[in-house]
Amino acid sequence: MIYLHIPFCKSFCLYCDFYSEICNGFEAEYPRAVLREIDKREKEIANNVSASALAGADTLYIGGGTPSVLPLDALRTIVDRLGKIRGPKAYDEFTVEVNPEDIVGKGIDYVRGLKALGANRISMGVQSFDDSMLRWMNRRHDSAGAVKAFDLLRNGGFDNISIDLIFGISHLTDEMWASTIEKAIALGPEHISAYQLSIEEGSGLAKLVKRGKYSEAPEEDCARQYSMLCQKLSEAGFNHYEISNFAKPDYEARHNSAYWSRIPYVGLGPGAHSFSAGERQIRSWNRDNLRDYIDGKDVREEEILTGEDLEIEAVMLALRTSRGSDNLTDLCPPEKIHEALQRGDLVRTPSGNLRIPESRFFISDSIISSLI
Ligand code: SF4
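The rules we used
- Residues numbered from 1 in each chain as written.
- Predicted model: local features only at pLDDT ≥ 70, side-chain atom pairs only at ≥ 80, totals over all residues.
- Heavy atoms only, no water.
- Near = heavy atom within 4 Å.
- Nonpolar A, V, L, I, M, F, W, Y, C, P; charged D, E, K, R; others polar.
- Helix = DSSP H or I, 4+ residues; strand = E, 2+ residues; numbered from the N terminus.
- Polar contact = N/O pair within 3.5 Å; in protein donor to acceptor, adjacent residues only side chain to side chain.
- Contact = heavy atoms within 4.5 Å.
- Buried < 20%, exposed > 50% of the residue type's maximum accessible area, 1.4 Å probe, protein only.
- Axes fitted to C-alpha atoms, helices over the stretch in contact; angles between N-to-C directions.
- Parallel < 35°, antiparallel > 145°, perpendicular 65-115°, else oblique.
- Left-handed = near helix turned anticlockwise from the far one by under 90°.

Trainee: Which parts of the structure should I look at to understand the site of the ligand?
Mentor: In the neighbourhood of the ligand, the contacting residues comprise C9, S11, F12, C13, Y15, C16, G65, T66, N99 and R139. Each residue belonging to the shell around the ligand can be placed in one class, and the counts come to five nonpolar, four polar and one charged.

Here it is, written out as structure tokens:
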């Protein structure tokens, strides 16, 4: 289970705090730096590939930043190098994140090139089908561009496409949000991720808030928009399998589901995190410093996790899913669980797990913190 971070964007979106740099010419040097990291961590990658294949999570996820700003040759160099470690077998799931304007700008040959690379899943940052909202977010595409990009991806052979949407913006009306959900459904994606806008320190939005130019949407508006989303996507045949994720049957994201199940992963590139579960359970990460990474300086840091840390994390992640948790009882006193069941904050799944019902997913953070 490998994550490759591509830390470049052509411009910054208002809400975003992911680690990324404006394209500055470093992109040309980036593949060489990633190859250097792969060489250094070859044994760890080989061990991880065997372990994650056994766990049913033989996946590669190229995310960002904006992977689609890199030329295909750059991506191919890295994917081919990983292929030398793992062998010729295709990944169970190989996702590339793209932005609509790159797909439209680069066209069908680029899409076919991604296919030829071995990618079998695309995650596209659409965010909204309302042009005024897209401009406010400082996205580079418009609604028509998102539709065009989606068609190009389909025509280029991708039969597993996920799109991202954002709700809970203070000037997003219910009508605008309903229209965005309906347009998303009409495209026919296999997967939709929808996130409530949050104000992240360091984002352009946080600066607007400090200057008094934006204030958060009221909680009841966000809850209502989340509920509209759940209802419309359920009617359209999507399974709500994690708080922010909806999939047509058999199209749940394997890579992300494996994160939630705490399967070990290797993260490559500045800002990427890794988790290994050998004799010691270690979480490590590359510092957010592209210059140092390209210069070959040591940017790796790590922490050793205790069994309890891991158990708490695993239960918290599991409670965000429709599958729920099978070991909440190890961490939470029986009377608390009983009360949560009485209140309807928890229900039992047919397999006996404890889960938060969909109708209370929106307040899951407070339910989880009351339990653990
Ligand atoms: S949302 Fe994506 S494209 Fe926009 S700044 Fe963040 S990483 Fe870049």
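Read on for the rest.
Trainee: In this structure, what is going on with the side chain of S193? I would like to understand it.
Mentor: Along the chain, the position of S193 falls in strand β8 (residues 191-196). Within polar-contact distance, the side chain of S193 engages the side chain of N245 at 2.6 Å. S193 has contacts with S162, I163, D164, L165, S244 and N245, leaving out every residue within four places of it along the chain.

Trainee: What should I look at first to understand unusual backbone geometry in this one?
Mentor: Only a minority of non-glycine residues have a phi that is not negative, and only a minority of peptide bonds are not trans. Following G64, the chain continues into G65 via a peptide bond in cis, with omega recorded as 20°. Checked against the element boundaries, G65 lands in the loop between β4 (59-64) and α3 (72-86). A positive phi is found at Q127, a non-glycine position, where the angle reads about 75°. Note that Q127 resides in strand β6 (residues 121-127). Judged by its relative accessible area of 7%, Q127 is buried. Of note in this structure, D250 is not a glycine but carries a positive phi near 70°. Its location among the elements puts D250 in the loop between β10 (245-247) and α10 (254-260).

Trainee: Is there a simple way to think about the packing of helix α7 (residues 174-187) against helix α9 (residues 219-235) in this case?
Mentor: At a minimum axis separation of 10 Å, α7 and α9 run at an interaxial angle of 25°. As summarised for this structure, α7 and α9 are arranged roughly parallel, according to the angle between their axes. α9 is crossed by α7, and the crossing has right-handed handedness. Of α9, the residues touching α7 (which contributes D174, W177, A178, I181, E182 and I185) are R224, Q225, M228, L229, K232 and L233. A class-by-class count of the residues in the contact of α7 with α9 yields seven nonpolar, one polar and four charged.

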